[in-house]
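Results of the structural survey
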Amino acid sequence: MHHTTDNRPALLLAMGPGIAERLLTDAHRDRLAALTRTDPRLVAHDLSAPDARVAAALAEAELLLTCWGTTPLTAEVLARAPRLKAVVHAAGSVKHHVTDACWTRGLAVTSAAAANALPVAEYTLAAILFAGKRVLRSAQQYADRRTAQAWLDESTAWGNYRRTVGIIGASRIGRRVIELLRPFDYEILLHDPYVTDPGPGVSLVPLDELCARSSVVSVHAPQLPATHHMLGPAQLAAMPDGATLINTARGSLVDETALLPHLRSGRLHAVLDVTDPELPAPDSPLWTLPNVLLTPHVAGSLGNELHRMADQAIEEVARYGRGEPFAEEVRAADLTRSA
């Protein structure tokens with residue numbers, strides 16, 4: 001169906017410096033140019049003090065396509081965007097830039113959280129499988145001893161057969177991890193206060209029971225006041241000897257001070273893609289402990305995985321242009337219990 005130019009919504013790209021170049025391929029920009037009235041090379045890095053070109057585009061924009069580093073959409077910014085109707089976020093959480101003023105204004109909001117959930121779940125699956133095979137420990141022992149006998153120390157502490165995995169939070173990521181675990185021989189426990197039916201093959205249990213029964217505990221809850229240090233001294237002490245804690249959510253969900261003694265003693269293992277603070281102190285034992293795999297917040301979309309978020313966002317732009325509701329609409333009420 002051919003649209004005259006005037007029927008296409010005006011769109012402005014708004015995100016931090018350097019992001020659009022990583023997010024959008026030439027094909028993405030071409031598709032945006034076909035779907036909307038936009039200058040796909042114009043990216044607004046600062047909506048609070050826009051230059052003339054950005055100010056003009058903002059005044060016309062019906063849609064904002066946002067990503068990391070977008071200026072918070074305050075009442076002051078929205079006043080410069082009288083025609084704005086929707087925010088399409090090509091990343092996960094919208095909490096950093098979608099303000100109360102956006103909800104008051106009645107803007108429609110969508111995010112690519114579903115696309116961003118996939119690489120986090122893939123990282124988690126790899127971490128769970130490697131934890132069962134004691135990959136970190138055995139690699140170090142092999143290198144230290146230069147003998148193939150290093151792994152014979154462990155016996156039944158090894159293996160992924162009928163191991164119990166505890167998933168904290170049936171978020172998009174948590175649910176995806178559960179899906180990815182289905183082909184394997186795991187017993188899966190779930191803790192989530194908002195879930196009543198966990199689905200087939202998954203047992204819903206209280207947090208303390210999950211910690212006590214699981215060989216691997218993986219954190220997928222949102223960062224909220226209610227989840228701060230949800231894994232505290234009692235929960236960490238309840239974890240069995242040799243268990244692995246995986247955190248790809250937010251560092252603040254784990255009480256690091258309570259975790260460190262268990263790591264120092266070697267009783268627990270950890271795979272931490274996030275910490276609190278996000279960069280551990282230079283003298284933190286997390287950098288050097290042999291039973292800790294510390295990664296620099298790489299579980300989420302990186303490299304070509306950003307293109308998956310762009311694909312989802314542009315599909316939402318297309319839906320908007322056809323007069324259809326967003327497939328992944330974000331509602332203000334959801335944000336009280338989601339990331």
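The model shown is predicted, which means the values in this text are computed figures rather than measured ones. (Residues numbered from 1 in each chain as written. Predicted model: local features only at pLDDT ≥ 70, side-chain atom pairs only at ≥ 80, totals over all residues. Heavy atoms only, no water.)

A separate point is the pattern of salt bridges. For the structure on display, the rule yields 14 salt bridges. In this structure, Glu187 engages Arg213 in a salt bridge whose closest nitrogen and oxygen atoms are separated by 2.6 Å. In this pair, Glu187 is assigned in strand 7 (residues 186-191) and Arg213 in helix 9 (residues 207-213), connecting sequence segments 26 residues apart. When the shortest N-O distance is used, the salt bridge between Glu329 and Arg331 registers 3.7 Å. (Salt bridge = Lys/Arg side-chain N within 4 Å of Asp/Glu carboxyl O. Helix = DSSP H or I, 4+ residues; strand = E, 2+ residues; numbered from the N terminus.)

Below, the discussion takes up helix 8 (residues 172-181). For helix 8, the set of buried residues is Gly174, Val177, Ile178, Leu180 and Leu181. Seen from one end, helix 8 has its buried residues packed into an arc of 165°, which puts them on one side. (Buried < 20%, exposed > 50% of the residue type's maximum accessible area, 1.4 Å probe, protein only. Arc of directions from axis to C-beta.)

This part covers the pairing of strand 5 (residues 108-111). Of the pairings in the sheet, the one linking strand 4 (residues 86-89) to strand 5 comprises 4 bridges and is parallel in character. Note on strand 5: the bridge partner recorded for His89 is Ser111. With respect to chirality, the unit in which strand 4 leads through helix 5 (residues 100-105) into the neighbouring parallel strand 5 is right-handed. Pairing of strand 5 with strand 13 (residues 329-330) involves 2 bridges; the strand directions are antiparallel. Looking across to strand 13, one finds that Thr110 is bridged to Glu329. (Pairing = 2+ DSSP bridges. Right-handed = clockwise from strand over helix to strand, strands pointing away.)

Attention shifts here to the sheet that holds strand 5. Within a sheet, each strand pairs with its neighbour through backbone hydrogen bonds, oriented either parallel or antiparallel. Reading across from one edge, 2-1-3-4-5-13 is the order of the 6 strands in this open sheet, with mixed pairing throughout. In this open sheet, the two strands that pair with only one neighbour each are strand 2 (43-44) and strand 13. Bridge count between strand 3 (residues 63-66) and strand 4: 4 bridges; the pairing is parallel. For Leu64, the partnering residue across the bridge sits in strand 4 and is Val87.

What the domain assignment reports for the chain is domain 1 (11-111 + 303-336) and domain 2 (116-294). Here the C-alpha centroids of domain 1 and domain 2 sit 35 Å apart. Summed over both partners, the interface of domain 1 with domain 2 comes to about 590 Å²; 44% of that surface belongs to carbon and sulfur atoms. Linking domain 1 with domain 2 are 1 salt bridge. (Domains from an automatic or database assignment. Buried area = accessible area lost by both parts, 1.4 Å probe.)

Quick look at the sheet that holds strand 11 (residues 269-272) now. As summarised here, the arrangement of the 7 strands in space is 8-7-6-9-10-11-12, forming an open sheet in which the pairing is parallel. Strands with a single pairing partner mark the edges of an open sheet, and in this sheet they are strand 8 (202-204) and strand 12 (292-294). The mean inter-strand angle of the sheet, taken between neighbouring strand axes irrespective of direction, is 15°. Of the strand pairs in this sheet, strand 11 and strand 12 are connected by 3 bridges, and their pairing is parallel. Bridging from a neighbouring strand, Leu272 pairs with Leu294 of strand 12. Against the sheet, helix 8 touches strand 6 (163-168), strand 7 and strand 8, its axis set at about 160° to strand 6. (Axes fitted to C-alpha atoms, helices over the stretch in contact; angles between N-to-C directions. Contact = heavy atoms within 4.5 Å.)

The computed volume of the second largest pocket comes to approximately 260 Å³. In terms of lining, the second largest pocket is formed by 16 residues, of which the most central are Phe130, Ala131, Leu136, Val271 and Leu293. Elements with a minimum of two residues in the lining of the second largest pocket: helix 6 (113-132), helix 7 (135-145) and strand 11. The biggest single contributor to the lining of the second largest pocket is helix 6, with 5 residues. (1 Å grid on protein atoms, 1.4 Å probe; cavity = no way out; pocket = protein on both sides within 12 Å on 5 of 7 lines; lining within 4 Å. Points joined across faces, edges and corners; volume = space filled by probe spheres on them.)

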